[in-house]
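# Descriptive structure summary
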Amino acid sequence: MSGVHGFGGGSGLSRRACLAASLVGPAAWLAAPTLAHAGGQLEEPLMDSVRTALSSAIANQAPPEPEFFTTDTRLHYTRWLAAMSDRLRRRKPEWEVRRDFLQTVWYESKRAGLDVSLVLGLIQVESGFRKFAVSSVGARGYMQVMPFWTRVIGDGDAGKLFHMQTNLRFGCVILRHYLERERGDLFMALGRYNGSRGRPPYPNAVFGAQRSWEYVDRPAAG
């Protein structure tokens, strides 16, 4: 599905750059946020539940609205949104754009059972938070989704991968799919997402970026 592929043929990185990244760790990836890397995912049979989840994303146009069943969970989300908005302000200066993006990341991460900070870290590594990022092998959008996925589950219109919720739904659902394929091993699932299964530079880069988006809730004293 997506992927930053920095470690084989088809990515935009040279062998020397790949070697440097493997030697110095996540900093080498994060130092070049304007690049988009991708490639390596293979078409494979999908479970019906995965296919349904991806198909429904194509039909959705508006940012999803999170639902909260208690006041505490709503307040937790509100505090998280404010904290993440401050961190994202430099990359997305407009409040409405920032809010819709974070709201959708929250919704799709929770829907797929993924840590929101992990998804934000992956987006940082994949596209540098650029909605219209395109890699050298054609992967698109925030989570660098490969175009063949729209053909596997939809009408083949790769342009739909620039739609925010579609891109984030695809990225989260496919990462969850890979996590289940790897029996809960996040390191291996990230490698599969990236097309570098079993090699550490990409998972380590995502884990490093994730730290920038971790959130510890501190409710105001009552």
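Residues numbered from 1 in each chain as written. Predicted model: local features only at pLDDT ≥ 70, side-chain atom pairs only at ≥ 80, totals over all residues. Heavy atoms only, no water.

So, on to the overall build of the protein chain. Counting secondary structure elements, the protein chain contains ten helices and zero strands. Going from N to C terminus, the protein chain has its helices and strands arranged as α-α-α-α-α-α-α-α-α-α. Burial statistics for the protein chain: of 222 residues in total, 49% are counted as buried. Sequence-distant contacts, at least 24 apart, represent 68% of the contacts inside the protein chain between residues at least 6 apart. In the form shown here, the protein chain has an accessible surface area of approximately 10,500 Å², with 54% of it arising from carbon and sulfur atoms. (Helix = DSSP H or I, 4+ residues; strand = E, 2+ residues; numbered from the N terminus. Buried < 20%, exposed > 50% of the residue type's maximum accessible area, 1.4 Å probe, protein only. Contact = heavy atoms within 4.5 Å. Areas by Shrake-Rupley, 256 points an atom, 1.4 Å probe, with all protein chains shown as cover.)

Moving on, we come to the packing of aromatic side chains. Under the definition given, this model contains nine aromatic pairs. With centroids separated by 4.9 Å and ring planes inclined at 70°, the aromatic side chains of Tyr-77 and Trp-106 adopt a geometry described as edge-to-face. Taken together, the residues span a long stretch of sequence, with Tyr-77 in helix α4 (residues 71-88) and Trp-106 in helix α5 (residues 95-112) at a distance of 29 residues. The same class applies to Tyr-77 and to Trp-106, which are both buried. Of note, Lys-92 hangs over the ring of Phe-101, and the distance from its end group to the ring centre comes to 5.2 Å. (Phe/Tyr/Trp six-rings, centres within 6.5 Å; stacked < 30°, edge-to-face > 60°. Lys NZ or Arg CZ within 6 Å of the ring centre and 35° of its normal.)

Our next topic: the packing of helix α9 (residues 186-194) against helix α10 (residues 201-210). Their axes nearest at 8 Å, the elements α9 and α10 cross at an angle of 110°. Taken together, α9 and α10 sit at an angle that is classed as roughly perpendicular. Touching Leu-186, Phe-187, Leu-190, Gly-191, Tyr-193 and Asn-194 of α9 are Tyr-202, Pro-203, Asn-204, Val-206 and Phe-207, all from α10. For the contact of α9 with α10, the class distribution of residues is eight nonpolar, three polar and no charged. (Axes fitted to C-alpha atoms, helices over the stretch in contact; angles between N-to-C directions. Parallel < 35°, antiparallel > 145°, perpendicular 65-115°, else oblique. Nonpolar A, V, L, I, M, F, W, Y, C, P; charged D, E, K, R; others polar.)

When charged atoms on two side chains of opposite charge get close, those side chains can pair. As enumerated under the stated definition, the model contains six salt bridges in all. Put simply, Arg-79 and Asp-217 hold a salt bridge, and the shortest N to O gap is 2.7 Å. Residue Arg-79 is located in helix α4, and its partner Asp-217 is located in the segment after α10; the two are separated by 138 residues in the primary sequence. Judged by its relative accessible area of 25%, Arg-79 is partly exposed. For Asp-217, a relative accessible area of 25% gives the class partly exposed. Through salt bridges that share partners, Glu-182, Arg-192 and Arg-197 make up one connected network. (Salt bridge = Lys/Arg side-chain N within 4 Å of Asp/Glu carboxyl O.)

As for its placement among the helices and strands, Trp-95 is situated in helix α5. Taking the relative accessible area as the measure of exposure, Trp-95 reaches 37% and is therefore partly exposed. Between the C-alpha atom of Trp-95 and that of Ser-85, which follows or precedes it by ten residues, the distance is 7.9 Å. Excluding its chain neighbours within four sequence positions, the residues that come into contact with Trp-95 are Leu-81 and Ser-85.

Across the interface, helix α8 (residues 164-181) lies against α9 with an axial gap of 8 Å and an inter-helix angle of 130°. By the angle class used here, α8 and α9 are oblique. When the axes of α8 and α9 are compared, the crossing they make is right-handed. Here α8 contributes Gly-171, Leu-175, Tyr-178, Leu-179 and Arg-181 to the contact with α9, which in turn contributes Leu-186, Ala-189, Leu-190, Arg-192 and Tyr-193. Considering only residue class, the contact of α8 with α9 consists of seven nonpolar, one polar and two charged. (Left-handed = near helix turned anticlockwise from the far one by under 90°.)

For α10, the buried fraction is high: eight of the ten residues fall into the buried class. Within α10, the full set of buried residues consists of Pro-201, Tyr-202, Pro-203, Ala-205, Val-206, Gly-208, Ala-209 and Gln-210.

Mapped onto the elements, Asp-157 comes out in the loop between α7 (148-153) and α8. The exposure class of Asp-157 is partly exposed, given its relative accessible area of 36%. Note: C-alpha distance between Asp-157 and Pro-147 (ten residues apart in sequence) is 8.0 Å.

In this section: unusual backbone geometry. The backbone phi angle of Phe-129 is positive, close to 65°, even though this residue is not glycine. As for its position among the elements, Phe-129 is in the loop between α6 (116-127) and α7. Here Phe-129 falls in the buried class, since its relative accessible area comes to 3%. Located in the positive-phi region is Gln-144, a residue other than glycine, with phi close to 50°. Structurally, Gln-144 can be placed in the loop between α6 and α7.

Any functional reading would require information that these geometric values do not contain.
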